[in-house]
Structures are given as structure tokens and as C-alpha cells.
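As a plain string of letters, each chain reads:
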Amino acid sequence: MAEPDTVLTEPPVSVAVPVPAPAGPEPGPRRPDHVAIIMDGNGRWAAGRRLPRVAGHRAGAQAVRRCIRAAIENNVRWLTLYAFSSENWRRPADEVTDLTALLRHYLRSEIAELHREGVRVRVIGEHERFGPEIRAELEAAERLTAANTRLTLIVALSYGARAEILQAARRIVAAAQAGTVQPDALDEAGFARYLSTDGIPDPDLVIRTSGECRLSNFLLWQSAYAELVFLDVLWPDFEAHHLAGAIDVFTRRERRYGARPG
Ligand code: FPP
């Protein structure tokens, strides 16, 4: 066993002695624990190849697989994917049918593998709108993977941030009327517990592909201090290096949370 550097033979005197920093590698720049992605550009990818839009969504599902693998390789602990927005219901019925079929196929073919990889699956959004069958499969996926800890994959399905915040406000009003919440005592952390992301840390990094620079009703409360990175790549072309590049941009940004630079 290693000898201590100093053996005290006298009672300690109250003199401030500088404590050397613990040995070991210098801590590197902070990396994002939670990455959230607006997967955009499936339609343009298909149009550029004169293919039907569904081909773009199918290629987008392949990119989802690559992205999850890349997130694990980059030690991302939480990955949120915007798979279907509340506004996407306004798309033509055949596209909604195609996206629903793709989601069903994805759930059946991928969940066992995600479970083997140690991925926990969580769903946010009004996913019951996809019908009882998909709802049951999503809930089964959540139950099966509930104890996994390598990566939590949050799939936003029929998700809209404004609807989520409104729903939270309604629940808080009901709780206040029932006397279980004191509105004056409610703080931001208390409010966030009523959001669908309760228990999930806020995203550090939000990525949007396809060159569009908007949040499109995605995690508006949770992204208050997120770093935003807009990538000029269509989602079906998304590769591991795009995630690594966005993380690299993140590590070079200075996050001040409204404070002045140190
Ligand atoms: C945006 O592209 C993408 C979507 C509306 C759906 C996202 C779906 C996937 C990536 C595939 C399926 C995912 C899972 C989890 C199975 P867009 O159609 O708006 O593209 P555009 O802006 O070029 O028209």
C-alpha cells in the first residue's frame, strides 16, 4: 500500500495549506448529455431522386438507426428524436398512413435490438392518436426497456410544445383547485414536473437538419438554454460524423445562461 506523503506527528494547526489538485487528466470541454434532433429533409431527399416521399421517410428510418449508434459511441445519455409533430397530422392522409406504417414496422423490427444494446425507450406526445395497436406497442417498448441505462431514447410522436405546456397549465390549475398545489409556491422546476419530459434533463444541444433554422414547436420550454446547431444535410444523409461535428461545435461554444463571461 502506498505511504501517505505526510504523516502528522503534531496536532493540526489551523493554517490554510493549499491543497494540490488531484492528479489525473485535465477535464476536457463539457460534452452534451442530452441531444435533441429535428429530423428534417426526408421529402426533399426523395424529391431530389424523383422518388415518392415515403422513400425519403424509409431512408430517414435508416438514418435513425445510424444516429442512435453514433449517440452511444459519443457517450450521449439522452437522445430525443422529433419523429412526428402535432402539425404533421395535417399532411395528406396517404403520407400519414405511410409514416404510421413505418413507425409500426420500426417498432417491430428494432425494439429487441435496442433493448440488447441497453437503450431505454420513452415516448412523449399524444401518441394515443396513432390508435390502440401502436399505443400498446409503444407502451410495451417502454416497459421492456425501462431498466436500461446506456442511452435513453425519447421519441416525440404527435408532439407539440405549445400543447404540452398548455396541458401542464391545465393540470396545475386542476391541482390548485384540488388544493394539492399552491400557485404562489410553484417555481420553474415545479412547473417542469407537469411536462411530459418530467425526469428528463433539458437538452444541451438541439440539432436540426436540412438547413432550416427554426424550432417548429419542439421542446420550447426545455430548450431555453440549449445550444442550437443547424446542419446543411438532409436527414436521410445523416451520418455519425454529422453528430460528432455538431458535438464538436457544442464543445467550442461558451454557455453562460445569461451570466457575464468569467
Ligand atoms: C421531416 O421530413 C420528417 C418527418 C416529418 C418524419 C420523420 C420520420 C422519420 C425520420 C422516419 C421514421 C422515424 C421513425 C422513428 C420510425 P419532411 O417530410 O418534412 O421533409 P421535407 O421538409 O424535405 O419535405
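Residues numbered from 1 in each chain as written. Predicted model: local features only at pLDDT ≥ 70, side-chain atom pairs only at ≥ 80, totals over all residues. Heavy atoms only, no water.

Visitor: Hey, could you go over the packing of helix H3 (residues 93-116) against helix H4 (residues 132-144) for me, with residue numbers and the actual values?
Guide: Running from N to C, H3 and H4 cross one another at 15 degrees; their axes reach a closest spacing of 11 Å. Between H3 and H4, the crossing angle belongs to the class labelled roughly parallel. Considering only the axes of H3 and H4, their crossing is left-handed. Each of Thr100, Leu103, Arg104, Leu107, Arg108, Ile111 and His115 in H3 lies in contact with H4, whose residues at this interface are Glu133, Ile134, Glu137, Leu138, Ala141 and Leu144. Looking at the contact of H3 with H4 residue by residue, the classes come out as seven nonpolar, two polar and four charged. (Axes fitted to C-alpha atoms, helices over the stretch in contact; angles between N-to-C directions. Helix = DSSP H or I, 4+ residues; strand = E, 2+ residues; numbered from the N terminus. Parallel < 35°, antiparallel > 145°, perpendicular 65-115°, else oblique. Left-handed = near helix turned anticlockwise from the far one by under 90°. Contact = heavy atoms within 4.5 Å. Nonpolar A, V, L, I, M, F, W, Y, C, P; charged D, E, K, R; others polar.)

Visitor: Tell me about the packing of aromatic side chains, and name the residues and values.
Guide: Enumeration over the complete set of coordinates arrives at eight aromatic pairs. On the basis of an interplanar angle of 75 degrees and a centroid distance of 5.1 Å, the ring pair of phenylalanine 84 and phenylalanine 130 is categorised as edge-to-face. Of the two residues, phenylalanine 84 sits in strand E2 (residues 78-85) while phenylalanine 130 sits in the loop between strand E3 (119-124) and H4, which places them 46 residues apart along the sequence. The same class applies to phenylalanine 84 as to phenylalanine 130, namely buried. When the ring of phenylalanine 191 is compared with that of tryptophan 221, the centres are 4.7 Å apart and the planes differ by 20 degrees; the resulting orientation is stacked. Placement of the pair is phenylalanine 191 in helix H6 (residues 188-192) and tryptophan 221 in the loop between strand E5 (205-208) and strand E6 (227-230), with a sequence separation of 30 residues. Accessibility expressed as a relative area gives 29% for tryptophan 221, which makes it partly exposed. Through a chain of ring-to-ring contacts, the aromatic side chains of Tyr82, Tyr159 and Phe218 assemble into a single cluster. (Phe/Tyr/Trp six-rings, centres within 6.5 Å; stacked < 30°, edge-to-face > 60°. Buried < 20%, exposed > 50% of the residue type's maximum accessible area, 1.4 Å probe, protein only.)

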